[in-house]
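Working through the structure, step by step
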Amino acid sequence: MGDLSRNNATSIMHLPDDCLTIIFHALDSRIDRESFGLTCHRWLHVQDFNRRSLQFECSFTVLSLALHRKSLDVHTLHLHRLLRRFQHLESLSLCGCRELNDSGLTRLLSYGSNLRKLNLDCCLQITDYGLSLVASGCPSLMTVSLYRCLNVTDKGLETLASACLSMKSVNLSYCPEISDKGLKALTQCCHQLQAINISNCEGISGVGFEGCSKTLAYVVAESCKLKPEGVMGIVSGGGIEYLDVSCLSWSVLGDPLPGIGFASRLKILNFRMCRTVSDSSIVAIAKGCPLLEEWNLALCHEALRDGCKSLSILYLNGCSRLTPIALELFKSQRHDVCIKEIEVMVMKPCWEFW
C-alpha cells in the first residue's frame, strides 16, 4: 500500500505547462523569476517561453554596469542563439552592441513577429540592409531607437516605415545620413506616430513633417537647422503638445519660429539657447498657444502679459537683455506665473524615449 500511495502522489511537477505559466507570472520578485528556470529543464523551457524582454549588459541603460568594466561584445552567433531560445520577445535592446552587424538581425525574420520595441543605439555597423531585415521580421514594431546609427540612410528608414505601420515612437538623433526625405516617409506611412527625436540631424530642415498625423504630439529637434516651412510642418498635424527646439542653429533665412504660434495644443516649449529668436516669434506664440504651461526661453516680451493664459512656469536664466523694470511689470500683471532664474538643461513630460 505504501508503494501505491507513493505512485499516486501528486506534486507540482505534474502540473501542465499552462499552470506553471500562471505560477511564473504570479512571481513578484525578479530574482524569483530568474530562479524559476533553475528547477529543471521543463521549468526553464516555461521561463524561456514567457520571457518578453531582453537587454544585453553592453546596453548603456543597465544601471548596474560599472563604468570601468569592459563592455560585452555581442556578435551574430550570440544573438542567433538567444533569439532561438527566447522566441516570444516583445522588447529587445541591443544598445551599444558595436560589433553587431546586419547579419546578426537575420533571426528576426523568424522570431521577430511579436517584437514591439527595438533599441539599436550606437550599433555602428548596422546599415540599411539591417533595417530591411527588421522591417520584414518585425511588422508589429511600435518603438525603435536608432541613436548614432551612422550608416542608416533615408532608404533604410523608408523601408522600415513602409512595413511597420503601427510605429509610434522613433529616435533618429545623431543620424547624419537621414534627411527630410526619410522623415517624410515616416510621417506619411506611420499614421499612429506620436513621438520623434531628430536632434543633431543636420540634414533635416523639418519640411518632412508636412502633412503629419494629428497623433504626433512630441518632437525633439535640438541643435537642428529648421526652416520656417519646417516649423510649419511640425505643427501642421495640429497635435503638438511638447516641442524642444533648443540650441537652434542660426539660419540665413532669419528666425523660423513664428510658425509655432499655430500650435494651439502646445503645453511645453523649450527655447533654451535659441539666441536669434525674434520678438515676433514670442508675440505669435504668446497669442497662439493658449494651453502653454512651461516655457524655457532666452528673452521675454510684454506680449506674454496678455497671452498664454495657462502659463505657470517661465524660465529666464541668462536673459541679459531683459531689464528689471520689464520683469517687474510682467510680475505685476501675471501673479499666477512662477518665474525661475535657474538653468534648466532638460525639460520634458513623462514620455518614453529609449
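1. Re the overall build of the chain
- Broken down by element type, the chain carries 12 helices and 12 strands.
- Expressed as a percentage of the 354 residues in the chain, the buried residues total 47%.
- The contacts in the chain between residues at least 6 apart in sequence include a share of 66% that link residues at least 24 apart.
- Of the roughly 17500 Å² of accessible surface on the chain, a fraction of 54% belongs to carbon and sulfur atoms.

2. Here's the deal with the confidence of the model for the chain
- Taken over all residues, the pLDDT of the chain has a mean of 81, while the share at 70 or more is 75%.
- Every residue in residues 61-71 is under pLDDT 50, and counting partners more than four places away or in other chains gives 8 contacts.
- Across residues 299-305, where pLDDT falls below 50, the model places 22 contacts with residues more than four positions away in sequence or in other chains.

3. Some thoughts on the pattern of salt bridges
- With the rule as written, the count across this model stands at 1 salt bridge.
- For E241, the salt bridge goes to R265, with nearest N and O atoms at 3.5 Å. A residue pair is termed long-range when its members are at least 10 positions apart, and E241 in the loop between α10 (228-235) and β8 (242-244) and R265 in the loop between β8 and β9 (268-270) qualify at 24 residues.

4. Side note on the sheet that holds β9
- Strand order in the open sheet made by the 12 strands is β1-β2-β3-β4-β5-β6-β7-β8-β9-β10-β11-β12, with parallel pairing throughout. Where the open sheet ends on each side, the last strands, each with one partner, are β1 (53-55) and β12 (338-340). Neighbouring strand axes in the sheet, compared pairwise and without regard to direction, differ in orientation by 5 degrees on average.
- Summarising the sheet, strand β5 (residues 169-171) and strand β6 (residues 195-197) pair through 3 bridges and their orientation is parallel. Within the sheet, the bridge partner assigned to N171 lies in β6 and is N197.

5. Notes on the packing of aromatic side chains
- For the structure on display, the rule yields 3 aromatic pairs.
- An angle of 25 degrees between the planes, with centres 4.7 Å apart, marks the rings of Y218 and Y242 as stacked. In this pair, Y218 sits in strand β7 (residues 218-220) while Y242 sits in strand β8, placing the two residues 24 residues apart along the sequence. Side by side, Y218 and Y242 carry an identical accessibility label, which is buried.
- Ring geometry for F271 and W295: centres 6.0 Å apart, planes at 75 degrees, overall edge-to-face. A residue pair is termed long-range when its members are at least 10 positions apart, and F271 in the loop between β9 and α11 (279-288) and W295 in strand β10 (residues 294-296) qualify at 24 residues. Pair check on accessibility: F271 and W295 agree, each one buried.

6. Description of the packing of helix α8 (residues 154-163) against helix α9 (residues 180-189)
- Two elements in contact, α8 and α9, have axes separated by 8 Å at closest approach and are oriented at 5 degrees. The pairing of α8 with α9 is recorded here as roughly parallel in orientation. Here α8 contributes D154, L157, E158, A161 and S162 to the contact with α9, which in turn contributes K181, G182, L183, A185, L186 and C189.

Parameters and conventions
- Along each chain, numbering runs from 1 in the same order as the chain's sequence is written.
- For this predicted model, a pLDDT threshold of at least 70 governs which residues receive local features, and a threshold of 80 or more governs which side-chain atom pairs are given and counted, while totals over whole chains, interfaces and linings are taken from all residues.
- Neither water nor hydrogens contribute to the side-chain values; these are computed over all heavy atoms in the structure.
- Comment: elements are numbered from the N terminus, with helices defined as DSSP H or I runs of at least four residues and strands as E runs of at least two.
- Summary of the burial criterion: residues with accessible area below 20% of their type's maximum are buried, those above 50% are exposed, and those between are partly exposed, where the area comes from a 1.4 Å probe applied to protein chains only.
- Any two residues having at least one pair of non-hydrogen atoms within 4.5 Å are treated as being in contact.
- All accessibility values rest on the Shrake-Rupley procedure with a 1.4 Å probe; residue burial counts only the protein chains present in the view.
- Each residue carries a pLDDT score, the predictor's confidence in it, ranging from 0 to 100.
- Throughout this description, the term salt bridge denotes a Lys or Arg side-chain nitrogen within 4 Å of a carboxyl oxygen of Asp or Glu.
- Paired strands, as defined in this entry, are two strands with at least two bridges between them according to DSSP.
- Every axis in this analysis is a line fitted to C-alpha atoms, fitted for helices over the stretch in contact. Angles between the N-to-C directions lie between 0 and 180 degrees.
- Aromatic rings from Phe, Tyr and Trp, taking only the six-membered ring of Trp, are treated as a pair when their centres fall within 6.5 Å; an angle between ring planes under 30 degrees marks them as stacked, one over 60 as edge-to-face, and anything in between as tilted.
- Here the angle decides the label: under 35 degrees means roughly parallel, over 145 means roughly antiparallel, 65 to 115 means roughly perpendicular, and every other value means oblique.

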